[in-house]
Amino acid sequence: MGTKTEEAAKLAARKFGRLLVKLNQNARFRDFKIVNLVSMIDAGFPIRLEAMASKHFLYSHYAPEIFSGLVYRLMEPKVVLLVFVSGKVIVTGAKSRKDVEEALGKMWAVFLQFKKSF
């Protein structure tokens, strides 16, 4: 379910469960957990993706002819960051908000290192 908050996701899951019951399906709402949290941020400055990819080649992949963003795979927390030259970053694969905050905390210095200067 795509929602803005964890509470909204829980409410949407409950509504979906009720809909299944109305369709004569045996459904119960229990053991709710978020398995993939997606977050978007704006670093506020452009990022030099080519330089970042060459310096961090073990963790990143950048093929602009296929996809316009750099794919950066963090090991801990286990998340994937999609970094765009505009400075927009999408964090996916997080299990909690804490994972997102930890990932951005680790990556912020890297973003600043590859900040595009005019």
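Residues numbered from 1 in each chain as written. Predicted model: local features only at pLDDT ≥ 70, side-chain atom pairs only at ≥ 80, totals over all residues. Heavy atoms only, no water.

## Remarks on the sheet that holds strand β2 (residues 60-61)
Read from one edge of the open sheet, five strands run β1-β5-β4-β3-β2, paired in antiparallel fashion. The open sheet has two free edges, formed respectively by β1 (37-42) and β2, since each of these has just one partner strand. One ladder, built from four bridges, connects strand β4 (residues 79-83) with strand β5 (residues 88-94); its direction is antiparallel. Bridging across to β5, Leu81 finds its partner in Val91. (Pairing = 2+ DSSP bridges. Helix = DSSP H or I, 4+ residues; strand = E, 2+ residues; numbered from the N terminus.)

## Things to note about the packing of aromatic side chains
Summed over all chains, the structure comprises four aromatic pairs. Taking 5.7 Å as the distance between ring centres and 70° as the angle between the ring planes, the aromatic pair formed by Phe67 and Phe84 counts as edge-to-face. With Phe67 in the loop between β2 and β3 (70-74) and Phe84 in the loop between β4 and β5, this residue pair connects regions lying 17 residues apart in the sequence. Look at Phe67 and you get partly exposed, because its relative accessible area is 34%. The structure contains a cluster of three or more aromatic residues connected by ring pairs, namely Phe45, Trp108 and Phe111. The ring of Phe45 carries the charged tip of Lys115 above its face, separated from the ring centre by 5.2 Å. (Phe/Tyr/Trp six-rings, centres within 6.5 Å; stacked < 30°, edge-to-face > 60°. Buried < 20%, exposed > 50% of the residue type's maximum accessible area, 1.4 Å probe, protein only. Lys NZ or Arg CZ within 6 Å of the ring centre and 35° of its normal.)

## A few points about a positive patch on the surface
Positive charge collects at one region of the surface, where Lys10, Arg14, Lys15, Arg18 and Lys22 lie side by side. Mapped onto the fold, Lys10 is located in helix α1 (residues 6-22). (Patch = residues over 30% accessible without salt bridge, like charges linked within 9 Å, V, L, I, M, F, W, Y side chains within 5 Å. Areas by Shrake-Rupley, 256 points an atom, 1.4 Å probe, with all protein chains shown as cover. Salt bridge = Lys/Arg side-chain N within 4 Å of Asp/Glu carboxyl O. Lys, Arg positive; Asp, Glu negative; His and termini not counted. Charge placed at Lys NZ, Arg CZ, Asp CG, Glu CD.)

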